[in-house]
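# Examining the three-dimensional arrangement
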Amino acid sequence: METEGGSSGLAKSAAVKLSEMGERTKQFGTAMRDPHQQRRIILVIVCVALLLDNMLYMVIVPIIPDYLADLESEQSEHVHVVIHSNTSANSTNQAKSNKDNLDVQIGVLFASKAILQLLVNPLSGTFIDRVGYDIPLLIGLTVMFVSTCIFAFAENYGTLFAARSLQGLGSAFADTSGIAMIADKYTEEAERSKALGIALAFISFGSLVAPPFGGVLYEFAGKRVPFIVLATICLADGFLLLTVIKPFTNRTRENMPVGTPIYRLMIDPYIAVVAGALTVCNIPLAFLEPTIANWMETTMHSSKWEMGLTWLPAFFPHVLGVYITVKLAAQNPNLQWFYGALGMVIIGASSCTVPACKTFGQLIAPLCGICFGIALVDTALLPTLAFLVDVRHVSVYGSVYAIADISYSVAYAMGPIVAGQIVHNLGFVQLNLGMGLVNVLYAPALLLLRNVCQMKPSYSERDNLLEEAPQGLYDTIKMEERKGKKKGYSSAGNCLPVDENGFDPFRAQRSFSDESSGPEYT
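So, a few notes on the structure that sits alongside this text. (Residues numbered from 1 in each chain as written. Predicted model: local features only at pLDDT ≥ 70, side-chain atom pairs only at ≥ 80, totals over all residues. Heavy atoms only, no water.)

What follows deals with the pattern of salt bridges. Inspection of the entire model under this criterion finds six salt bridges. The partner of Glu 189 in a salt bridge is Arg 192, with the nearest N and O atoms 3.3 Å apart. With a gap of three residues between them, Glu 189 and Arg 192 both fall in helix 7 (residues 189-221), about one helical turn apart. Exposure remark for Arg 192: the relative accessible area of 1% places this residue in the buried category. Note that Asp 390 and Arg 192 form a salt bridge whose closest N and O atoms lie 3.1 Å from each other. Placement of the pair is Asp 390 in helix 15 (residues 360-392) and Arg 192 in helix 7, with a sequence separation of 198 residues. Overlapping salt bridges, with partners in common, bring together Glu 189, Arg 192 and Asp 390 in one network. (Salt bridge = Lys/Arg side-chain N within 4 Å of Asp/Glu carboxyl O. Helix = DSSP H or I, 4+ residues; strand = E, 2+ residues; numbered from the N terminus. Buried < 20%, exposed > 50% of the residue type's maximum accessible area, 1.4 Å probe, protein only.)

In structure tokens, the structure reads:
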């Protein structure tokens with residue numbers, strides 16, 4: 001009887017647990033059908049993808065130089081040459097030549113990711129505009145997973161170079177589609193700025209935490225462990241994407257709107273100004289990362305741990321800059337251009353003060369200033385790109401954020417290769433003064449954006465055609481379907497010319513009081 005009672009209790013307990021699991025699954029399914037809950041989960045997926053990409057970019061900083069030096073020494077042991085005692089000068093020259101060759105290899109390896117990303121972005125942006133955001137994000141995560149596994153098990157420079165370049169291919173899809181998906185899901189300007197600010201915080205966290213993360217695991221667990229950990233997270237993020245978004249089901253590709261071609265977006269003067277600002281503001285960070293460690297060792301006699309933790313304190317002012325800009329943008333959205341210009345001035349001033357630092361403690365302040373300024377520029381201008389596409393082109397964001405990714409890639413492709421040559425030929429002081437001056441001189445160019453908030457959309461399509469709340473790309477698809485049913489209503493998907501829209505972009509002082517159509521964006 002006791003056995004029967006015990007088994008009955010176990011059966012009841014199992015039934016209760018199964019019922020609870022079923023209820024949780026039902027709640028999860030209900031949450032997935034709720035657009036607001038779904039876009040929060042999508043934001044998490046995108047933020048994890050951006051975190052992984054930037055950790056993969058920076059995690060090799062403490063690993064690769066030491067690992068390549070070990071490979072170089074092993075090769076020299078295999079090809080041992082007997083050197084006589086009177087050839088010590090030759091051996092010294094050979095050692096110097098080997099060091100220079102190693103520096104070149106490291107620089108090319110670091111830059112290869114950004115170079116390939118720069119080349120692929122025009123194609124990935126167009127591809128994203130054609131098929132949507134979810135499939136390219138899945139492709140990017142898959143390629144990043146493969147490249148990370150190759151990194152973990154690579155045993156020579158050629159394999160490391162292939163893995164690094166492959167990562168650039170994955171980033172061109174994952175970064176662009178992820179940021180574009182956020183812009184598409186968060187259609188209100190305040191919410192969009194906040195969501196993009198959260199994404200930027202994850203980018204900063206990945207970039208600044210990856211070097212100590214990689215250095216510690218490399219020191220105590222070996223080269224493979226950091227990459228295996230990141231590959232596991234990448235795989236989990238990919239599975240979450242498949243579970244939540246289900247990119248291969250319920251798609252309406254035949255009704256996808258045709259986005260503005262990337263070459264037309266590139267020649268838009270407003271987008272060009274924003275893209276230039278994103279490149280210029282990231283040059284100090286991209287140029288200092290490969291050069292500052294040697295300068296610290298030469299001028300400050302810094303220890304290895306100080307060089308490894310150089311950028312870690314800058315994470316906190318970067319997050320602070322993102323938070324402040326999001327709050328200010330919500331209160332005064334018409335001053336986005338001013339926040340960006342202020343950030344560039346802060347970057348310029350901070351860059352000019354770096355060479356004056358004599359201790360590690362002094363160096364932290366200008367580096368924090370650089371990252372704070374970059375946060376202001378990025379957080380102010382990335383949502384501006386989406387707004388410009390909304391009011392001047394078609395609300396499809398793949399190509400415009402491919403342009404943003406190209407802007408970053410230009411800075412980070414030049415950094416590892418060009419910065420070392422400038423330091424060698426002109427000096428570290430001249431490098432920093434030049435970068436600071438370029439940022440300060442570019443800041444006034446953002447004055448062109450001061451009337452952007454007064455622009456009006458080319459068609460009041462959402463107000464005229466939709467009854468429910470807007471849902472980004474879904475809205476555009478639905479509008480195309482409805483327009484196809486209306487006789488005589490064009491479904492070309494392109495915006496009206498600027499003159500028909502009642503706005504002349506090249507006359508900043510023009511009055512907008514006589515415009516009679518479309519809601520005003522503030």
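Where two aromatic rings form a pair, the distance of their centres and the angle of their planes describe that pair. Enumeration according to the criterion identifies nine aromatic pairs in this entry. Where Phe 151 meets Phe 227, the ring centres are 5.1 Å apart and the plane angle is 5 degrees; that geometry is what we call stacked. Taken together, the residues span a long stretch of sequence, with Phe 151 in helix 5 (residues 134-153) and Phe 227 in helix 8 (residues 224-244) at a distance of 76 residues. Its relative accessible area of 2% is what places Phe 151 among the buried residues. Classification of Phe 227 by relative accessible area gives buried; the value is 1%. Both rings, one in Trp 337 and one in Phe 338, keep their centres 5.9 Å apart while their planes meet at 75 degrees; by these two values the pair is edge-to-face. Here the aromatic residues Phe 205, Phe 315 and Phe 316 are joined through ring pairs into a cluster of three or more. Above the face of the Phe 110 ring, Arg 164 is positioned so that its terminal group lies 5.6 Å from the ring centre. (Phe/Tyr/Trp six-rings, centres within 6.5 Å; stacked < 30°, edge-to-face > 60°. Lys NZ or Arg CZ within 6 Å of the ring centre and 35° of its normal.)

To continue, consider empty space enclosed by the protein. Overall, the coordinates contain two cavities of 30 Å³ or more when judged by the stated rule. If you add up the space inside the largest cavity, you get close to 550 Å³. Along the walls of the largest cavity sit 29 residues, with Asn 54, Ile 203, Asn 282, Tyr 408 and Tyr 412 positioned nearest its centre. At six residues, the largest contribution of residues to the lining of the largest cavity is made by helix 16 (residues 398-425). Counted by class, the lining of the largest cavity contains 16 nonpolar, seven polar and six charged residues. (1 Å grid on protein atoms, 1.4 Å probe; cavity = no way out; pocket = protein on both sides within 12 Å on 5 of 7 lines; lining within 4 Å. Points joined across faces, edges and corners; volume = space filled by probe spheres on them. Nonpolar A, V, L, I, M, F, W, Y, C, P; charged D, E, K, R; others polar.)

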